[in-house]
Structures are given as structure tokens and as C-alpha cells.
Amino acid sequence: MSLDALLPSPVRFLEGRLGRLRAPESLARYEAYFEERGKAISEAVDRAGTPKLLMFDRFGTRIDEVVFPPAYHELVRRAYEAGVVFRAVEEGDLAASYQIGYVTSFYDAGLYCPHTVSLSTAIPLAKYGSAELRAKYLGKLLKRDATVWQGATWMTEAKGGSDLGAFVETVARPDGERWLLTGEKYFTSNVGAELAIAAARPEGAPPGVRGLELFLVPRRRDDGALNFRVRRLKEKIGTRSVPTGEVELDGSEAYLLGARGQGVYLVLEALNVSRVCNSIGAVALTQRALHEAWSFAEGRVAFGRPVAEQPLFARQARERHETLLDAFALAWEAVTLLSEVWRETPRYSDRYHLFRLVAHLSKYWTAEVAVQSAKWAMEAHGGAGILSDYPVERLFREAIILGIWEGTPHRQVLDGMEVVEKKRVHVPLLDGIGARGGNAIALAMARAEVDDWLTLPAEKKEAESERVFSRLAATVARELRRATL
Ligand SMILES: Cc1cc2nc3c(=O)[nH]c(=O)nc-3n(C[C@H](O)[C@H](O)[C@H](O)COP(=O)(O)OP(=O)(O)OC[C@H]3O[C@@H](n4cnc5c(N)ncnc54)[C@H](O)[C@@H]3O)c2cc1C
């Protein structure tokens, strides 16, 4: 009995869900690369653990280089060559970029982080950078060969990442056409990147998120000197295919993106792009977990027949497979909506606010599905599931991080329900799915539950928000799949 012949291949799975893909030959080559070489490199990088930070060259000059084996750089580069950034920014084809991200994450969810933060750097630069800044830097992020530059997104500081308005203490001082940033960034993934976007507060700006601005920070100044210091690399349980560091800014040269007063919107736009990446990555990891579990269960014999044929196990696997398809429908809806609205600038359209809700639902729900699926895949392997000898335990280590970066589950719930409260976007969302063939009764029940929640007093509303939000996510995912079918 075969659960789904498409499970072993991310490209075939995408074709099964979407029909014709954006760049099918390139995607097939990318998948073949992983099967032939990339998978082994990725496993070696994970086993090697935290890479080395080489802070000085032999003459004592500060260089802050992250030292990986050369094969790592080949692994990271492949997605840029396939178009994870240039297809989105140069060709305006976000779907193509997210399809590449899906294939990456099936093999290595942490590896999609460098590509994600590069995309989240290139998009605000393309949208909000001055003509001079774009001419100087954008082309470097869009290259299709080994000389491609990478990006990074620096928001979180040591006191906390959820409440950026309270805890971003990095200060920006004007210095002619540019700015000088001083402060510390506590979680900086892809820390070896040549460019970063960073949240900082100009001197004298008001407190809270409204006083934040978004800046572009190059790794090197024009004279070649390092523009900031990397204090150390984080020791992480997973996502070792991306080095995450702590960065010290000390009069670091930076360039304002957008007009003064727009920063909070730019920060949130960048986060929304990467939340969709996170969703896509979470679904791909879920597919991989199910594939690993099912292929093991087909080979493992207990009580006289393969575990895959035991009724209880087969039932669990079928249900997980249904959830995978629901999760894909939800994540892909986020991609589709973002493709429509990503060029918008404030003040945003109603469609943009609808996208925001779907992005929060999708980030929240797919990350949870990924964790649960990875846990189940470990259980399905029995004791072998917790051994570092086999790929499945790594899936859990990677999955658990998907819930936290790009905003924790609490953040997704509270921000998602804020859009509901302020813009009532659950109405067009549910109506739209109904018009496309979703189940009218299920959608009406979801609407009633949200409408009831809206009538609660403020404290109770916040306390009850996850219950309503998680059910809304599950219904939207299931009915979107039904509508897609
Ligand atoms: C591997 C890794 C890589 C990362 N890379 C980057 C990066 O490149 N750039 C970057 O900017 N950040 C990065 N981060 C940071 C990440 O975005 C933050 O960890 C995340 O946003 C949460 O911030 P925090 O860790 O400070 O937790 P806190 O904000 O301190 O939150 C602690 C807990 O309190 C909860 N909480 C907060 N407010 C509420 C509320 N109102 N109601 C209920 N619960 C609440 C949170 O959900 C969380 O559970 C990375 C994190 C990890 C783990």
C-alpha cells in the first residue's frame, strides 16, 4: 500500500498540488543536486555543529569570518543560482522563489534561512531604497553566480524580540547623507552576509514602534574596513546550516530605507515576507517527516506485517497526510496573496490586510503542524527516531525553531487577531473561500466563532484569542484545500 507516491520528491509534490511549476527544469535540477550531493553536505554541516568564528587574521586585523567547509558555500549558492532572490525581485515572480524554498526546506529547513533573509533584504531595498542605493547594492543581491551577495535581517535585541518597540535600543545618528548606528543585535542569522537590514531608533525619535526606522547596513565600508563586529556565534540545537551570531554596531555606516516615519511598516513588511517563507519551509519539512515515517513503516515488520499495514498506524498516516495537504493549501494561499500585494506601500489596501491575516494564520499553524509531524515521525521510528544516526531526529530539532523565529506563536495569534479586530478581514477571507467551493456550514461556524470573540471584554478577548485563532487556522486550511480541489 502506498500512501502517496509524491511524498519522496518535493518537486513532484509541488506539481501534484499546483500543476505546472514556474521553472520546472531548474527545480528538477535543484532537487537532483540535493539527491546527488546536497543531502550529504547538509548532513555533514549539521553533524559538525556550530561553525568557527575566525575573528582575526594572522596579522591581528579583525575579520570576523564564519569558517565553513567550501562545500557549504556551494550548498547555499545553489538556490541563488536557481533564482530564490532574482526570480522574485527582478522577474516579479514570488511563486517561483517560494517553490525553490520548498525544495530547499524538504532537504534542509535551516538552509532556507539564508535565502529567506536575503529575499527580505532585497525586497525592501528594491521598494524603498534610493536610486543611488539600488544602483550600488541591489544588483549584487540579484547575481546568478558565486559572486552573489547575501542579506540578513536584524531586529531582535537582548531584552526581547516580540516587543520591538520597547526593546530596540540601537540608536541611529545622522551623518550627512548616511547614518551611524550604535547598539547590539542579539540574534543575527546568516551573520556572514554582505548586507543587512536593521531596525534602529534615530536620536530624538518617539518611543515605541512608531519611532523605529529600517536601515541598510553593509558588512564593509567603502574603504574595505569592517562596518560592525560579530561578537560570537550562537550554539543552537538545529538550523546549523545558517550561522546565527550576535553583532555589535559601533558608529556603523547605514542608509535609511523609505521616508522618515515609515520604519515600522518596512519592518513588518520584511517580517511578512519571511513568515511566508517560514510557512513554506514548515510544510516542506512536514512532507519530509511523513516520507521518512512512511518509508520506515513500510520496511519495519512487527506482529507479522509491516507497521505501515497495521490499521492504527495506517489511519494515523492518512490523517497526517490530510493535514499536510491542508497546510500546503494555507501556505500557498499566503504566497498567492503576497504575490498580489507585495509592491504596495502604506497606506495598504484591504487586500493587503487580508494577506496579513493569512500570513499570521499560516506561520502559526504550519509551524505547529511541522513540530507535531516531526514528533510523530520520530515515534514512528521507535527508538531509532531519537538517534542522531538517522535523519528523522534532525527534523524535530529544525521544526521546533520554525515556531520561534519570525515571531513566536503568541505574536502570530495576537497580531492576526488585531487585524481581525481592526479590519474585520475574517469576513472577506471566509466569504472568498466559500465562493471558491469551501463548505458553507464550516465557514459560517468559523465566522460565528470569531464574531462572538469580538464581543468579549478586552482582557478575556486576549486570553481566549489562541483558541479562536487556531480553530480559524485549521478551518481556513481545510476549506482552502477543499476549494482548491
Ligand atoms: C535560531 C534563531 C535565529 C534567529 N534569527 C534572527 C535574526 O536573524 N534576526 C532577528 O531579528 N531575530 C532572530 N531571531 C530571534 C527571534 O525572532 C526571536 O527569538 C523571537 O522573535 C522571540 O523573541 P525573544 O526570543 O526575545 O522572546 P521574547 O520576546 O522575550 O518572548 C518570550 C516569550 O514571551 C511570549 N510573549 C511575548 N509577548 C507576549 C504576549 N503579549 N502574550 C503572550 N505571550 C507573549 C513570547 O511569545 C515568548 O514565548 C532568531 C531566533 C532563533 C531561535
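Parameters at a glance
Residues numbered from 1 in each chain as written. Predicted model: local features only at pLDDT ≥ 70, side-chain atom pairs only at ≥ 80, totals over all residues. Heavy atoms only, no water. 1 Å grid on protein atoms, 1.4 Å probe; cavity = no way out; pocket = protein on both sides within 12 Å on 5 of 7 lines; lining within 4 Å. Points joined across faces, edges and corners; volume = space filled by probe spheres on them. Helix = DSSP H or I, 4+ residues; strand = E, 2+ residues; numbered from the N terminus. Nonpolar A, V, L, I, M, F, W, Y, C, P; charged D, E, K, R; others polar. Domains from an automatic or database assignment. Patch = residues over 30% accessible without salt bridge, like charges linked within 9 Å, V, L, I, M, F, W, Y side chains within 5 Å. Areas by Shrake-Rupley, 256 points an atom, 1.4 Å probe, with all protein chains shown as cover. Salt bridge = Lys/Arg side-chain N within 4 Å of Asp/Glu carboxyl O. Buried < 20%, exposed > 50% of the residue type's maximum accessible area, 1.4 Å probe, protein only.

A.B. asks: It is not clear to me how empty space enclosed by the protein should be interpreted in this structure. Could you clarify?
C.D. replies: By rolling a water-sized probe across the atoms, one finds the places where empty space is left. One pass over the full model with this rule turns up five cavities of 30 Å³ or more. Every residue lining the largest cavity is listed: Ser105, Ala109, Tyr112, Cys113, Thr116, Ser274, Cys277, Asn278, Gly281, Leu402, Trp405 and Glu406. Counting only elements with at least two residues in the lining of the largest cavity, the list comes to α6 (112-128) and α9 (263-299). Sorting elements by how many residues they give to the lining of the largest cavity places α9 first, with four residues. For the lining of the largest cavity, the per-class residue count stands at six nonpolar, five polar and one charged. The residue makeup of the lining of the largest cavity includes at least three contributed by each of domain 1 (10-141) and domain 3 (264-484). Computed from the structure, the second largest cavity encloses a volume of approximately 60 Å³. Of all elements in the fold, only α6, α9 and α11 (350-380) reach the threshold of two or more residues within the lining of the second largest cavity. The biggest single contributor to the lining of the second largest cavity is α9, with three residues. Looking at side-chain class alone, the lining of the second largest cavity contains six nonpolar, one polar and two charged residues.

A.B. asks: Would you explain a nonpolar patch on the surface in this entry?
C.D. replies: On the surface, Ile386, Leu387 and Tyr390 cluster together to form a nonpolar patch covering roughly 300 Å² of accessible area. Among the structural elements, Leu387 can be located in the loop between α11 and α12 (392-402). A residue is classified by how much of its surface remains accessible, and Leu387, at 37% relative accessible area, is partly exposed.

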